[in-house]
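# Structural description and commentary
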Amino acid sequence: MNVERYQSAKKLYATLGVDTDAAIETLKNIPISIHCWQGDDVTGFDHEGPLTGGIQATGNYPGKATNVQELMKDLDKAISLMPGKKKLNLHASYAVFEEGEHVDRDKLEPKHFQKWVDFAKERSMGIDFNPTFFSHDKVKDGLTLSSPDDKTRKFWIEHGKACIRISQYMAKETGVPCIMNIWTGDGYKDIPADRMGPRLRYKDSIEQILSEPYDKNLVKPCVESKVFGIGVEAYTVGSSEFTLSFAATHDGCLPLMDNGHYHPTEFVSDKIPSLLCFFPEIALHITRPVRWDSDHVVLFDDETKEMAKEIVRCNGLERVYMALDFFDASINRIAAWTIGFRSWQKALLNALCTPNVLFTEMQNQERLTELMMMQEELKTFPLGDIWAQYCNESGVCPDAGWFEEIKKYEEEVLNNR
Ligand code: RNT
Ligand code: ZN
């Protein structure tokens with residue numbers, strides 16, 4: 001039955017010049033980075049105390065992971081329900097210490113991530129890494145790399161440098177380049193007296209971090225911008241203009257766009273082709289902002305589809321590093337991971353099954369009425385049948401059946417925590 005449905009869908013797409021077999025093969029090899037922090041509401045293992053830095057995970061669904069074993073187990077469950085190629089995305093706050101050991105963030109070493117490296121290698125995944133400039137007592141007055149206090153700034157610069165060394169270790173061990181993303185929640189709740197000073201200090205701090213020697217083929221640093229955060233409503237040091245300009249003027253540094261980090265009327269889908277005109281490579285955090293940077297689970301919605309389409313039709317699959325970034329504590333966390341990952345994959349499949357050559361031709365020949373008509377017709381094409389084929393070939397459940405696994409895991413594992 002499934003096979004027949006795939007065959008008929010394939011024929012239909014072929015009438016528009018779309019090769020669905022090729023689309024499926026391509027999708028199998030696109031790595032998507034899975035953020036470990038959905039599993040524990042961005043808590044991490046290296047500190048007590050709340051999540052800070054202008055971000056917030058809301059909800060208290062039972063069963064959150066409270067240690068590395070639980071988090072790994074949950075990740076494994078989620079991964080088993082996702083088709084396609086995965087990469088692991090870690091934060092420095094997920095360092096694993098020996099019994100009784102505690103190392104502050106400026107002194108972290110590769111060995112504190114060895115367990116994660118083993119985990120990734122056993123599953124043939126690369127790793128992306130993030131220094132953690134939040135949820136820590138050395139965040140002074142909400143500031144880290146832009147702090148006017150030299151001791152504070154020095155501490156966080158040392159943290160960044162340690163993370164470069166750890167990223168290089170991860171890349172060497174896994175054989176896959178490590179995307180190292182710098183994001184801070186630095187900013188002010190109310191109107192500052194000096195907007196440039198913090199930015200000059202932030203610039204200098206990132207430059208010092210990047211002065212740590214590393215192999216540019218192994219470590220790819222990026223800078224993530226943000227428009228505002230909770231408690232940081234008036235001014236963000238790492239604004240869009242700041243990070244874009246930084247990346248543009250520092251060889252090897254990539255801009256990272258998180259689609260929750262712009263004004264609600266701005267679209268990252270439109271920004272992707274703009275940046276690809278200038279940067280050899282860019283990075284993305286894929287999320288779903290609801291009115292603000294709420295980090296809801298990614299869905300197969302219009303803007304998600306549009307972002308995927310831009311990557312595909314700009315021939316950007318090799319130039320855009322894709323990572324998921326959401327954290328919902330109000331629903332089953334493993335289901336959240338799975339829904340978000342599968343949604344982004346569907347968006348990529350949808351993009352790969354779009355007749356981009358044909359549509360571009362229509363645009364260039366001013367056949368805009370026809371283009372609008374065809375874009376609408378395509379919306380009701382049987383993408384679900386292509387998706388089912390892709391899932392079957394990838395050895396995962398193509399339909400809602402995967403949720404049975406979630407229910408079972410919740411009953412047997414999560415509810416006993
Ligand atoms: C916060 C940024 C940042 C974090 C993660 C945990 O607004 O999006 O990327 O979500 O680093
Ligand atoms: Zn982000």
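Look up: the structure comes first, before these words.
Residues numbered from 1 in each chain as written. Chains lettered and ligands numbered in written order. Predicted model: local features only at pLDDT ≥ 70, side-chain atom pairs only at ≥ 80, totals over all residues. Heavy atoms only, no water.

### A word on the packing of helix 10 (residues 333–352) against helix 13 (residues 383–394)
- At a closest axis distance of 11 Å, the pairing of helix 10 and helix 13 adopts a crossing angle of 115 degrees. Judged by the twist between their axes, the crossing of helix 10 over helix 13 is right-handed. Together, Arg 342, Gln 345, Lys 346, Leu 349 and Asn 350 of helix 10 and Leu 383, Ile 386, Trp 387, Tyr 390 and Cys 391 of helix 13 make up the contact between the two elements. (Axes fitted to C-alpha atoms, helices over the stretch in contact; angles between N-to-C directions. Helix = DSSP H or I, 4+ residues; strand = E, 2+ residues; numbered from the N terminus. Left-handed = near helix turned anticlockwise from the far one by under 90°. Contact = heavy atoms within 4.5 Å.)

### Points about the site of ligand 1
- Taken together, 13 residues form the shell around ligand 1, and within it His 91, Glu 224, Lys 226, His 261 and Asp 325 come nearest.
- His 91 has a polar side-chain atom sitting 2.7 Å from an oxygen atom of ligand 1.
- Asp 325 is positioned such that a nitrogen or oxygen atom in its side chain is 2.8 Å from an oxygen atom of ligand 1.
- Its free accessible area being 310 Å², ligand 1 has 100% of it covered by the protein chains.
- Taken together, the residues of the shell around ligand 1 break down into five nonpolar, three polar and five charged. (Near = heavy atom within 4 Å. Polar contact = N/O pair within 3.5 Å; in protein donor to acceptor, adjacent residues only side chain to side chain. Areas by Shrake-Rupley, 256 points an atom, 1.4 Å probe, with all protein chains shown as cover. Nonpolar A, V, L, I, M, F, W, Y, C, P; charged D, E, K, R; others polar.)

### Some remarks on unusual backbone geometry
- Here Asp 295, not a glycine, exhibits a phi torsion of approximately 55 degrees, which is positive.
- Assignment of secondary structure puts Asp 295 in strand 11 (residues 292–296).

### Some words on the coordination of the zinc ion (ligand 2)
- Taken together, Glu 224 (OE), Asp 258 (OD), His 285 (ND1) and Asp 325 (OD) make up the full set of protein donors to the zinc ion (ligand 2), lying 2.1 to 2.2 Å away.
- In this structure, the zinc ion (ligand 2) is surrounded by six donor atoms whose angles at the metal cover 72 to 174 degrees, and the resulting shape is octahedral.
- All donors to the zinc ion (ligand 2) come from one chain, and their sequence spacing reads E-x33-D-x26-H-x39-D. With a gap of 101 residues between them, Glu 224 in strand 6 (residues 219–224) and Asp 325 in the loop between strand 12 (320–324) and helix 10 connect regions that are remote in the sequence.
- Classification of Glu 224 by relative accessible area gives buried; the value is 4%.
- A relative accessible area of 8% means that Asp 325 is categorised as buried. (Donors = N, O, S within 2.8 Å, 3.2 Å for Na, K, Ca; no water. Tetrahedral: all angles 85-135°; square planar, octahedral: opposite > 155°, others 65-115°. Buried < 20%, exposed > 50% of the residue type's maximum accessible area, 1.4 Å probe, protein only.)

### Structural notes on the environment of Val 297
- Take Val 297: it is sitting in the loop between strand 11 and helix 9 (302–313).
- Residue classification places Val 297 among the buried residues on the basis of a relative accessible area of 4%.
- Along the chain, Val 297 and Asn 2 lie 295 residues apart, while their C-alpha atoms are 29 Å from each other.
- Leaving out residues up to four positions away in the same chain, Val 297 has contacts with Arg 288, Phe 326, Asp 328, Ile 331, Ala 336, Ile 339 and Gly 340.

### A short note on the side chain of Thr 184
- As for its placement among the helices and strands, Thr 184 is situated in the loop between strand 4 (178–182) and strand 5 (187–188).
- Residue classification places Thr 184 among the buried positions, given a relative accessible area of 3%.
- Setting aside its immediate chain neighbours within four residues, Thr 184 contacts Phe 133, Thr 144, Leu 145 and Tyr 202.

### Notes on the pairing of strand 4
- When you tally the buried positions in strand 4, you get five out of five residues, the bulk of the element.
- Neither face of strand 4 is left uncovered, since the one carrying Cys 178, Met 180 and Ile 182 and the one carrying Ile 179 and Asn 181 both have all their residues buried.
- Pairing analysis gives five bridges linking strand 4 to strand 6, with the strands arranged parallel. Each bridged residue has a counterpart across the sheet, and for Ile 179 the counterpart in strand 6 is Lys 220. (Pairing = 2+ DSSP bridges.)

### Some thoughts on helix 13
- Along its twelve residues, helix 13 runs 16 Å from first to last C-alpha, staying within 8% of the 16 Å computed at 1.5 Å per residue.
- Buried within helix 13 are the following residues: Leu 383, Asp 385, Ile 386, Trp 387, Ala 388, Gln 389, Tyr 390 and Cys 391.
- Elements in contact with the buried residues of helix 13: helix 1 (2–14), helix 2 (20–28) and helix 10.
- After helix 13 finishes, the residue Gly 395 shows a positive phi value of roughly 75 degrees. (Expected span 1.5 Å × (residues − 1).)

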